[in-house]
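# Observations on the three-dimensional arrangement
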Amino acid sequence: MFVFNNLKKSIVLIGFLSFFTSSFAGAYDDFFRAIAADDARTVQGLLQRGFDPNTVNPQGVPAILQAMRVPAPKVSELLAGWPKTQVDVRNAQDESPLMLAALRGQLDLVKKLVEHDADVNKTGWTPLHYAATGGHVPVIEYLLDNSAYIDAES
């Protein structure tokens, strides 16, 4: 009888774990498909149900950087403003979301990232350098108004 009860418990546990893993795999796939389609509504629904906004894709790219790469502007804005998103993640070239938004002149995204504590003054090349490279004067002005070092060394 003892062996039978343990066997039943094991079967229930295996069923639970396989359901949990398959539902996570589905959410993972749904999350990155929604990023690729710039489907902010689906991404928001997943985040509201507890999906981690800092999840990396199979190539190891964090979601916010993937959204910026696609480009998926609606999802980028959503992730930049999501409370649990780590806005200072870096890509393989040590570029942050703020640096990429500054390079592209995406002032609204720059503002949202700064409002959520993105590092305006990282060492080396800074978001200000990136904005200046692109000639994005409104972004340059905003960064300077938000304590960007004008004499940051690179």
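Counting from 1, residues in each chain are numbered in the order their sequence is written. For this predicted model, a pLDDT threshold of at least 70 governs which residues receive local features, and a threshold of 80 or more governs which side-chain atom pairs are given and counted, while totals over whole chains, interfaces and linings are taken from all residues. The side-chain values count all of the structure's non-hydrogen atoms but skip hydrogen atoms and water molecules.

## Describing the packing of aromatic side chains
We call Phe, Tyr and Trp rings a pair once their centres come within 6.5 Å, taking the six-membered ring for Trp, and we label the pair stacked below 30 degrees between planes, edge-to-face above 60, and tilted otherwise. Scanning the model with the defined rule gives 4 aromatic pairs in all. Look at F31 and F32: their rings are 5.1 Å apart centre to centre, the planes differ by 85°, and that puts the pair in the edge-to-face class. Only protein chains enter the accessibility calculation, which uses a 1.4 Å probe; a residue whose area is less than 20% of its type maximum is buried, one above 50% is exposed, and one in between is partly exposed. The class of F31 is buried, set by a relative accessible area of 0%. By relative accessible area, F32 is classed as buried at 13%. Pairing F31 with F51 gives two aromatic rings, centres 4.5 Å apart and planes at 40°, and the pair type is tilted. Remark: F51 occurs in the loop between helix 2 (40-48) and helix 3 (63-69) and F31 occurs in helix 1 (residues 2-36); sequence separation between them is 20 residues. For helices the rule is a DSSP run of H or I covering at least 4 residues; for strands it is a run of E covering at least 2, with both sets numbered from the N terminus onward.

## Considerations on the nonpolar core
Grouped together as the largest cluster of nonpolar side chains are 44 residues, with contacts concentrated most on F31, V43, L79, V110, L113 and L143. Only helix 1, helix 2, helix 3, helix 4 (73-81), helix 5 (97-104), helix 6 (107-115), helix 7 (127-134) and helix 8 (137-145) provide two or more residues apiece to this core. It is helix 1 that provides the largest number of residues to this core, a total of 6 residues. We call two residues in contact when some of their heavy atoms are within 4.5 Å. The contact partners of L143, leaving out residues within four places of it in the chain, are L98, A102, V110, V114, V120, P127, L128, A131 and A148. Think of a nonpolar core as a cluster: buried Ala, Val, Leu, Ile, Met, Phe, Trp, Tyr and Cys residues, connected wherever their side-chain atoms sit within 4.5 Å.

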